[in-house]
Structures are given as C-alpha cells and as structure tokens.
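Listed below, chain by chain, are the residues.
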There are 2 protein chains.
Amino acid sequence: MDIKDLIKDIEKYLNKEVTLFGWMKNHRPQKDFGFIGFNDGTCQNGIQVVYDSILSNFDEISKLLIGSAIKVEGIVVKSEGSGQDYEIKAESISLEGDCPSDYPLQAKGRPTREFLREIAYLRPRTNLFNAVFRVRSVAAYAIHKYFQERNYVYFHAPLITASDCEGAGEMFKVTTLDLDNIKGKVDYSKDFFGKQANLTVSGQLEAETFAMAYKKTYTFGPTFRAENSNTKTHANEFWMIEPEMAFCDLEEDMNVMEDMLKYVVKYVIDNCPNELDLFDKFVEKGLKDKLNKLVTSKFTRIDHEEVIKILKEADVKWEFEPEYGEDIAKEHEKYITEYFNGPVFIKNWPKDIKAFYMKQNEDGKTVAAVDLEVPGAGELMGGSQREENLDKLVTRMKELDMDQESLDWYLNLRKFGGCFHSGFGMGFERLLIYLTGVDNIRDVIPYPRTPGNCEY
Amino acid sequence: MDIKDLIKDIEKYLNKEVTLFGWMKNHRPQKDFGFIGFNDGTCQNGIQVVYDSILSNFDEISKLLIGSAIKVEGIVVKSEGSGQDYEIKAESISLEGDCPSDYPLQAKGRPTREFLREIAYLRPRTNLFNAVFRVRSVAAYAIHKYFQERNYVYFHAPLITASDCEGAGEMFKVTTLDLDNIKGKVDYSKDFFGKQANLTVSGQLEAETFAMAYKKTYTFGPTFRAENSNTKTHANEFWMIEPEMAFCDLEEDMNVMEDMLKYVVKYVIDNCPNELDLFDKFVEKGLKDKLNKLVTSKFTRIDHEEVIKILKEADVKWEFEPEYGEDIAKEHEKYITEYFNGPVFIKNWPKDIKAFYMKQNEDGKTVAAVDLEVPGAGELMGGSQREENLDKLVTRMKELDMDQESLDWYLNLRKFGGCFHSGFGMGFERLLIYLTGVDNIRDVIPYPRTPGNCEY
C-alpha cells in the first residue's frame, strides 16, 4: 500500500499489520533499537519506523545507509516519542536495494539548489523538490479538471509546425537532413516534411480552429523558444495553457482568467497542505497568506492608459519612465499591484506593441488585449479578444508585412461563420513559481532546457 | 449558456427563456416559418430552433446559410415534430457571422475523410470529427483522473533531449544552426545546446528517475519518430502515456495495464454515449459491444513461448510462419485474441528482440516484457519489469555496444537505493483508434504530421 493512503486513514490501521515499501530518509541506529525516517514518496512527510534487537537481522539493519530501499512489515502504533503521532513498530525489515555512503543526498546539511541542479535526476528525492514536482502534478490536474468540468475540449496543438504564431518568435528548426553534407543553400523540399519545419511557440492560432467547432477549448502542452536568455524566468522548453472561447468578449475572457486562477490556487491549497507548509517555512515566508489572499481578492480591471497616468503621478523615481503607448516594466507591474493591493487586469493596450490577431478597438489606437498582474508574480497571464473582422485583420497583416497565404486557413475562420471570440495564455512554470515561491524556472521543471544545457 | 448544459437539465428550462450562441448545422426555411439545426459544439447533437414570420427579420433569417454563427433568444418548448423531444421557439435570432455558399461543409452528402483531411481546420465541425476529438479530450482526462486518484505524480518528460531511449530510434534533429552556411562537418558545440539535440522518442528512462522518488509516476506528452512510413498507423508526432512504478513486478504491471484500460474505456462509455452511438452506426458496427465486452472481460496472461506453440499447432496457413525466439505478426495477434476470445497479455519475450533495460529472466533467454493484444486493436500497450541489477544491465549494454557514459545517471538509479520496478507505454492514438473505430491515425490527431505533411 502507499504510505499516503496509510496516513490518510491511519486510525483505521491502528494496531494492524501493514506491509510497506520505500526508502530510508534518515536513520538513527542505537544499541538495542533504531529509528528510520521512512517514505515511499507518495506524500510529503512519510512515517517513522522503529525496530529493535528482537529482529533476527538487527545488526544488518543497523548498518543500512540513507537512500536504501527497504521493505517493512510491522504494526501501526501510537508513538511514544515526540514529533509524530503514529509510527510503525517493525516486525521485519528487508533490504531491496542498498545505497553507498557516496550517495549525494545525505541528511546532514541542506544542499544548495545549484548543487541539486547538477544531479537533477536525484533531486525529486529531496523534501523541497519532492514538494515542487508534486505541486506541478497537482496543479496540472487542477487545470484539466477546471476546463473539463466546464465543457472545454482539450486540444493537442501540433508541436512541429510550419507556421509561426507570433510572427517574430525565435524558433528551433526540426530536420532530418544530413547536416554534415549540406552543399550551399539548403533545399528544404528534400527535408522530411518537404518544407522548413520548426518547434511551435504557441498553439493559439490552431486552438482558434477548435473554438469555432467546440465553442470552448484549451491547450496544455509544451512550447519552445530558441531565445538565448540566461535568466531566472527563461527556459527554452516550457508548458503553456491556452484556452480559447467563441462568443466570448474581453470582459468574459477576464472572468475566465480570474475564475480559473482562483480555482487552481484553491485546489493546490486544499490538496497540498504539507507541501505549502514547507514552502512557507523554507522558501517564501508568507506564501500561504499570499495564496489564501488571492483566492478571495477582487481583481481590479483598468485600462493601460489609466495605469500609465497612475504611474506618472506616482511619487517614485523610476528606472524606466512610464510612457503612454509603451510597454510597462517590472517596477511598474510591482507598483500597480501594490497600488490596488491585489491582482490587476491591465486592458486595452496600444496596438503597436501587441500581436496582429488582437481585436482593434474603435479608438484606432488600442487593441482589446489584457495582461494579468499578480502581486509577487508580475505578469501571470496575457489574453485578448481576437479580431473577427476579416478586412481589419488582413489590413493589419499587410501593415506588418505578414504573409497571408500561409495563414489562409486562419483568415477563413473569419469567413466561415466567424464570431467574436477570446482567449489567453498562461505559462505553466510561471504559475508554479508563484505557487511554490521557488524563484528559478530551472527548479520547477524536472529537466530544464536552457542555452547550453540539455542533460538527460 | 452551453447547449450541453441546457440539454442536461432541459426539464428545468422548460417554458423558460434562454439565450444561446452557436452555428447553423442545417436550415429548412419554409414560407411562414423555418427550422434550424443548431449547435455550439459543446455536445454531439445540439437542439432544433423554430422561428416564424412574427420575427421582424424573418426574411433575413430565411436566407441564412449553413455554417453561419447566430445568437438565439427563445423559449424552451416540447417539440410537436418528430425527431426531437424539445426545441427552442425563437423570439429573436441575430447574425454573428455569416457563411458563404462556397463553405465546404454542406449538409447534403457525406464528405469523404480524405477530402476532410485537406481541410483539417474545418473538420472538427462535422459530426464525425466533432465526436472523435471530443472523445480524444475525454479519454485524455480519464487517463489523468485514473492516475491522479491513485497517487501517481504526473511527470513532464523533456521533449528536446540528448539521449535516445531505445538506442535505435530514428530521431528528428533540433538545431538553431544556420543551415545555409555549414561548411563541412557540423560543429555541434556551436549549436544552441552545445551538443547534438533531438526530439524524444520516449520519456521512460527519465520517468524511472521519478519512480525512484515518488514510487508511482506517469508521463502523458508528445513523442516523435522520424520514420519514413506512410501507413494508417504511423504518425511522426503522437502522444504517449508512460507509467512507471517502483516496487512493482511484471504481474502487478499487468494489473495496472488492465485496470487502467478498463477504467478509461468505461469512462468514455459513460461520458460519450452519443459519440459512441455515432461511431457504432457509421464507423464500426458493433463498436459499443466491443467496448462493453472489454470492460468485463478477463485478460489472459500467457508466455510468448506458449503463444508460439499455439500458433504452430493452429490449422492455419500463415503468411509469416511463427517461430520461437521471434516477434509475432499481425495475423498472429489476431488469431491469439480470437483463440482466447478476449485481450491477451503475452509475456516473457525472447530477450534478443526486446530493449536493453528489460529485466532478464533466470532462463537466460527471455526478459520480463509484456505486450497487450486486444481484439480489434492488436498491440495496444507494451511494458516490462526493468532490470534493477546494475551488473546485468551493464553487461547487456556492452553486448549491444551501447554508450554507458551518457546513461550514467540511469545506471546510478540501480546504485542508489534501486529496487524492482516496472512500467509500460501506451500510444494515445492507438487507444483512440480502438475507441472510435476510425482506423487511420491521421483522423484521430487534429493536425497530423506524416512524411511530407506539416500543414498548420
């Protein structure tokens, strides 16, 4: 049985015999007895095993080192010691796989996250990373649950693609050409797909085709950017959630963004209490308060122009001066969430700094785009109503010198029963950084890909 | 509101006014009234809208063509016509987006699947593909639900990888090199990751690192094969589920395979009744019986050697003669599931035709591998107990002339608290072909990638 299930129903198992498999997390052998910190990884805290010299292999057990895999048969009893309410009184302990003394994860001292990145294949065994990647799993499930229970169809966007959603992404090329024998200019008609192919930077445009069939759809899959950035928030491979809704305007888009975020955060609060305790204690003081507050807070909705006005009027010496018609910097994001004491939707952005597919507002200057700024996380999501007017969309693409032919299918969505529709994108790792307080994206992805790093 | 929710609680809405958005699926305008087949895509069957000449824009409505997006306000009433129990009596209908007469999806005639592949961005609007991709979504959710409710941690395997799990996969290269300017042999140290990188063919080896931390884990993500095969069952990009369990032997592995498959099939039966009706009627007669039978059937477990014996003794003229020590052909798979009248686990395969990481049995000839053969689907899953003995694993890798250094982390799993463990893989599209009866993999992937094809 899983230790998680044992702990959940521990009263039921009291004074009963159980058989458990797991690993030794710590070990305090004494002369006539010993204590083992024992866990199988199905839950955060595990359970203590007590053994004594009655066991025939007592000497052997006493010598076992941290990290060893063992099988324990024993009785669940109330603990007489402090630090735990229950423990297992062992009737037999047998070794499944030992662990030498050069095992890098010893109980003493806390290894740095930088060191653990070097042994990424072992780090989920530590308390911190065990919690991080469990929260990753639980949050992923919460996202599916949220959308599935609301009639959304999960859409698997293609990963290898011949189109470039944003028109400006730095993309990885995908090829089977023999690169050692290219002579001169590449003839992509001879490549695997008969044309140049790349890894996708977004599934949004394709998701729109599903929104026009299912009304509500969402992607949840990997996306790729070949950006040569070495920062705490950039990885070259990451997971995105991209919902897309027909018959949905910008206000309703924000409703979904707010509702979904609260749902997912609440779900993690409810299902990962021990993990959040750990983050709150060792990673980000006040994390639990932050999350609880988000779930009940009112999200402000305000125009970009108003935000710039507030920033300009603020009695702050900015590093970057806020300007109408321009993007805002991290320091501005921070100020504005503090100003409103909660999450802020900044909407109706200058069209020149936003993507071609966003709905043009009647003022001729802005588009119906929105960014969600969250205290302690900065920009967590971005969305927009999409331009459903074919003429306006084509005109905008011409202004930006974009190729229409390769996006004829996208334009046709406006021709064949088009309608007002909206969507948004959320970087999954950005959410995880917010949920865990772990501030480096390399520490919320099991095997992160960054420039020069592609291990495992 | 969604039409799905309306239909689910239709009695509640009887004689009440509702506002709905959706598309015209068919249209029968008469002199003084008209009927619209109306759906928003949230469910299979939609609802009929009746309008009459009282409406101020009656003439305009009468001229609307199939595919148009409309807004309907009206009263839910019991239908007096045949073919439906309820309908909407329209009080107002307004146009959201029209649809010209050259719209490729007309109500008359049934377009071929080949034709629909050419307009893949429109095909989810047809009844068949609407059902296929909804089942895809529901089945994906069932898989997550199954594992999450049983303490498995969802693991996102890396997609870009420097390792090759099977040691023999044909892989896509991932690069940012300027291919037009390669002179002679490629210097991969100058490429984005400082080494040659590929798209993964399996997340299993990495998943094993999570099994050694969480006991139970599963992947569900895209995988890639650069195989130049143009068959009904090959795509170059597809989704795989790869569970991996510590403290799990081959028998328990088969228990999980059987239990999960029955759960997912049952979940789809329960949640997609209208979709399965459609498949049963138009795609594969007897599909519902097939699925219902699977859920209650007993799965046979038999050694590969026994299977060969049965095949050899069969009074059949084989195209490929069955042989001990060799793989089995499709005709053999079919025979053996018919022989046992149900799904069959074929286990303990000759080691020379199986992967290096599979547990070597004591006979020195076979490995603890298993394939699940399902009536009407052939091989649906494959799994194995993994070799946990470091020496045996290293010896096998040497026999196969494999590079140990790049897999040192994998070998270390056997050194640091290793234990008996097992896992399996299921191609998601193979499951969908089984669930829908749609027999071409190009028709169960929204935007399939096959040699020479990379649209959207």
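Engineer: Would you mind going over the interface of chain B and chain A with me for this structure?
Structural biologist: How large an interface is tends to be reported as the accessible area lost when its parts come together. Each partner contributes residues to the interface: chain B has 114 residues there, and chain A has 114 residues. The contact between chain B and chain A buries some 9200 Å² in all, and 62% of this surface belongs to carbon and sulfur atoms. Taken together, the links from chain B to chain A amount to twelve salt bridges. Put simply, chain B and chain A have 53 residue pairs in polar contact (both at pLDDT 80 or more) between them. Ranked by residues supplied to the side of chain B that touches chain A, first place goes to helix α5 (residues 127-148) of chain B with twelve residues.

Engineer: Explain the packing of aromatic side chains here, please?
Structural biologist: Centre distance and the angle of the planes are the two values used to describe a pair of aromatic rings. All names here are of chain B. On inspection of all chains with the given rule, the structure shows 69 aromatic pairs over all chains. Look at Phe 356 and Tyr 357: their rings are 5.3 Å apart centre to centre, the planes differ by 75 degrees, and that puts the pair in the edge-to-face class. Of the two residues, Phe 356 and Tyr 357, neither departs from the other in class, the shared state being buried. Taking NZ or CZ as reference, Arg 150 lies 5.2 Å from the ring centre of Tyr 263, over its face.

Engineer: Would you explain the relation of the copies chain B and chain A in this entry?
Structural biologist: The operation linking the two copies of the chain is a rotation about an axis combined with a translation along the axis. Between chain B and chain A, the superposition needs a rotation of 180 degrees and an axial shift of 0.0 Å, giving an RMSD of 0.0 Å. Each copy turns onto its partner about a two-fold axis. Closest approach to the rotation axis within chain B is made by the C-alpha atom of Val174(B), at a distance of 2.5 Å. The fraction of interface residues of chain B whose copies in chain A are also interface residues reaches 100%, indicating that both copies meet through the same surface.

Engineer: What is the right way to read the environment of Gly342(B) from this model?
Structural biologist: Residue and element names in this part refer to chain B. Position of Gly 342 among the secondary structure elements: in the loop between α11 (330-339) and β13 (344-350). Taking the C-alpha atoms as reference points, Gly 342 and Arg 28, separated by 314 residues in sequence, lie 47 Å from one another. What Gly 342 contacts, discounting residues up to four positions off in sequence, is Thr 337 and Pro 375.

Engineer: Mind showing me how you'd approach the side chain of Lys351(A) here?
Structural biologist: Tracing the backbone shows Lys351(A) in the loop between β13 (344-350) and β14 (366-374). Among buried charged residues, Lys351(A) stands out as having no salt bridge; its nearest opposite-charge side chain is Glu399(A), 4.3 Å away.

Engineer: What should I look at first to understand the environment of Lys293(A) in this one?
Structural biologist: Following the sequence through the fold, Lys293(A) ends up in helix α9 (residues 287-296). Note: C-alpha distance between Lys293(A) and Leu179(A) (114 residues apart in sequence) is 54 Å.

Engineer: Can you walk me through helix α8 (residues 273-282) of chain A in this structure?
Structural biologist: Residues lying three or four places apart along an α-helix face the same way, a consequence of the helix completing one turn every 3.6 residues. Of the positions making up α8(A), those classed as buried are Glu275(A), Leu276(A), Leu278(A), Phe279(A) and Asp280(A). Its buried side turned inward, α8(A) meets α5 (127-148), α7 (250-271), α9 and α14 (428-436) of chain A.

Engineer: So what exactly am I meant to see when it comes to the sheet that holds strand β4 (residues 69-78) of chain B here?
Structural biologist: The pairing of strands in a sheet happens through backbone hydrogen bonds and is either parallel or antiparallel. All names here are of chain B. Reading around the circumference, β1-β2-β3-β5-β4 is the order of the five strands in this closed barrel, with mixed pairing throughout. Averaged over all adjacent pairs, the angle separating strand axes in this sheet is 55 degrees, with direction ignored. Relative to strand β2 (residues 33-39), strand β1 (residues 17-29) runs antiparallel, the two being bridged by six bridges. When the bridges of β2 are listed, Arg 28 appears paired with Phe 35.

Thresholds, definitions, all that
Residues numbered from 1 in each chain as written. Chains lettered and ligands numbered in written order. Predicted model: local features only at pLDDT ≥ 70, side-chain atom pairs only at ≥ 80, totals over all residues. Heavy atoms only, no water. Contact = heavy atoms within 4.5 Å. Buried area = accessible area lost by both parts, 1.4 Å probe. Salt bridge = Lys/Arg side-chain N within 4 Å of Asp/Glu carboxyl O. Polar contact = N/O pair within 3.5 Å; in protein donor to acceptor, adjacent residues only side chain to side chain. Helix = DSSP H or I, 4+ residues; strand = E, 2+ residues; numbered from the N terminus. Phe/Tyr/Trp six-rings, centres within 6.5 Å; stacked < 30°, edge-to-face > 60°. Buried < 20%, exposed > 50% of the residue type's maximum accessible area, 1.4 Å probe, protein only. Lys NZ or Arg CZ within 6 Å of the ring centre and 35° of its normal. Least-squares fit on C-alpha atoms with pLDDT ≥ 70 in both. Lys, Arg positive; Asp, Glu negative; His and termini not counted. Pairing = 2+ DSSP bridges. Axes fitted to C-alpha atoms, helices over the stretch in contact; angles between N-to-C directions.

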